[in-house]
Amino acid sequence: MTEPADFAGSDGGRKRNTVYTVEYQSRISHKKGSLIISTPEAKRRIPLEAVDAVVMFAGHITTDAIAQCVGRKIRVSALTRGGKIKFVVGGPIAGNVHLRTAHHLAARDATAAIGAARLIVAAKIRNSAAVLRRWGLDHSEPDIAIQLCDRSDQILRRIEGVASAGDRDTLRGIEGDTARVYFNGLAAVLESSPLEFSGRTRRPPRDPVNAVMSFCYGLVTTETTGACDAIGLDPQVGFLHQALRAGRPSLALDLTEELRALTDRFVVTSIRRGQITPEHFTETPGGAYYLSDEGRRKLIGLWEDHKNTSLNHEVLGRPVQRWAIPTAQATLMARWLRGDLPGYPPFLLEN
């Protein structure tokens, strides 16, 4: 569902929706149990019962609206135009102190921490291989199809080194080597696209495809941060991303790794279908690319549709809607930390 300015995502089976703001003159306030989203063109009223999160790329929100959201455990996030998180405000800490204590102890336990980090990296590699293989099987040009399937096999072979990796530096080396093969494959998929992509670049993104990827990764990280909060985990204490930095959602970034290939698949599909075009971007004098206001509105509408798609969850043994996966993974993480599971089972795409 797309509206001229700011909008809430379509329902598609979800009980509540995400509210987004993309205009600098947007204002979110509260009145009689509803959020009031005001722009120069229009004013909308959305009952708080219908909201699961607020994501702001521009505009401002009143302290009363924040308080009402926090009181109802509605996550409020602010992101830069490139998708980097400025802040996330949630409700009171969920779960219990015993879960958080177990989480902190596991993060400090070298064996437990590296074990979880290996599983996360292995899942990321397998998911990357699965996406490349699917692109290869679906590609109309035989030479590119063979290349993509070959790259998928190359990536899968790198999983063997993950099991024996004794530290995070080794894991990051394997991860980086895999990324090189993977993004070269992604470039081949988009070879005939009107949007330029020559490799992964960040801070700032140097082409439109990187702009979309960074934007979507930011959206995923707001979801995984909210999921950690909702389950009672500490979003700032990770296993793969373990260096403690003020405001860095390390555990949320860990969970995001498992969903990157799925997110890339969404990005590539949106571009190949002509839903995201060169007209949806702006280029800065320094050579950075960002989505325009219209581009963000368009992509957010597509993103909400994507979140309502269903994927098979191997561990749960049933289809799960994409929007629910971060919470499912945070729940499985909590079950491992409580001792209910022998290890953390990451999210895996079907081959």
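In the block above lies the structure referred to throughout.
Note that the structure is predicted; figures quoted are calculated from it, not measured.

How do you make sense of the packing of aromatic side chains when you look at a structure like this?
Each aromatic ring pair is specified by the distance between its two centres and by the angle formed by the two planes. All chains considered together, the criterion is met by 6 aromatic pairs. Plain terms: the ring middles of Phe-57 and Phe-215 are 4.6 Å apart, the flat faces sit at 15° to each other, and that makes the pair stacked. Of this pair, Phe-57 sits in the loop between strand E6 (51–56) and strand E7 (60–61) while Phe-215 sits in helix H7 (residues 208–231), and the two are 158 residues apart along the sequence. Their ring planes at 75° and their centres at 5.2 Å tell us that Phe-266 and Trp-303 sit as a pair that is edge-to-face. Highlighted residues: Phe-266 in helix H9 (residues 260–272) and Trp-303 in helix H10 (residues 293–307), separated in sequence by 37 residues. Judged by relative accessible area, which is 1%, Trp-303 ranks as buried. Joined through ring pairs, the aromatic side chains of Trp-135, Tyr-182, Phe-183 and Phe-197 make up one cluster. Between Arg-260 and the ring centre of Tyr-217, over which it is positioned, the NZ or CZ distance is 4.4 Å.

Which parts of the structure should I look at to understand the nonpolar core?
Nonpolar side chains in soluble globular proteins tend to be buried together. Of all hydrophobic cores here, the largest spans 84 residues; its most connected members are Phe-57, Trp-135, Tyr-182, Leu-233, Phe-239, Met-333 and Trp-336. Among the elements that line this core, the one with the most residues is helix H3 (residues 110–138), at 13 residues. When neighbours within four sequence positions are excluded, Met-333 is seen to be in contact with Leu-233, Phe-239, Leu-251, Leu-255 and Tyr-344. Counting 14 residues, the second-largest nonpolar core is a separate cluster that includes Val-19, Ile-28, Ile-37 and Val-54.

Would you take a moment to explain unusual backbone geometry for this structure?
Of note, the phi angle at Lys-32 is positive, near 50°, even though the residue is not glycine. With respect to the helices, strands and loops of the structure, Lys-32 is situated in the loop between strand E3 (27–31) and strand E4 (34–38). For Lys-73, which is not glycine, the phi torsion reads 60° and is therefore positive. Relative to the helices and strands, Lys-73 resides in the loop between helix H1 (63–71) and strand E8 (75–79).

Could you clarify how one ought to interpret the sheet that holds E7 in this entry?
Across a sheet, strands are paired by hydrogen bonds formed along the backbone, either parallel or antiparallel in direction. Strand order in this open sheet of 4 strands is E5-E4-E3-E7, and the pairing throughout is mixed. Each edge of the open sheet is held by one strand with a lone partner, namely strand E5 (43–47) and E7. For E3 and E4, the ladder comprises 5 bridges, and the chain directions are antiparallel. When the bridges of E4 are listed, Lys-31 appears paired with Ser-34.

Got a minute to help me understand the pattern of salt bridges in this structure?
A side chain of one charge can pair with a side chain of the opposite charge if their charged atoms are brought near each other. This model, assessed by the stated rule, comprises 16 salt bridges. We note a salt bridge from Asp-169 to Arg-172, for which the minimum N-O separation is 3.2 Å. Within this pair, Asp-169 and its partner Arg-172 are both found in helix H6 (residues 168–189), separated by 3 residues, close to a single helical turn. Salt-bridge contacts for Glu-304 lead to Lys-307; the nearest nitrogen and oxygen are separated by 3.3 Å. Residue Glu-304 and its partner Lys-307 are both found in helix H10; the two are separated by 3 residues, about one turn of the helix. Each member of the pair, Glu-304 as well as Lys-307, is classed as buried. In this structure, a network of salt bridges that share partners links the residues Lys-124, Glu-175, Glu-257 and Arg-260.

Conventions used here
- Residues numbered from 1 in each chain as written.
- Predicted model: local features only at pLDDT ≥ 70, side-chain atom pairs only at ≥ 80, totals over all residues.
- Heavy atoms only, no water.
- Phe/Tyr/Trp six-rings, centres within 6.5 Å; stacked < 30°, edge-to-face > 60°.
- Helix = DSSP H or I, 4+ residues; strand = E, 2+ residues; numbered from the N terminus.
- Buried < 20%, exposed > 50% of the residue type's maximum accessible area, 1.4 Å probe, protein only.
- Lys NZ or Arg CZ within 6 Å of the ring centre and 35° of its normal.
- Core = buried A, V, L, I, M, F, W, Y, C linked by side-chain atoms within 4.5 Å.
- Contact = heavy atoms within 4.5 Å.
- Pairing = 2+ DSSP bridges.
- Salt bridge = Lys/Arg side-chain N within 4 Å of Asp/Glu carboxyl O.

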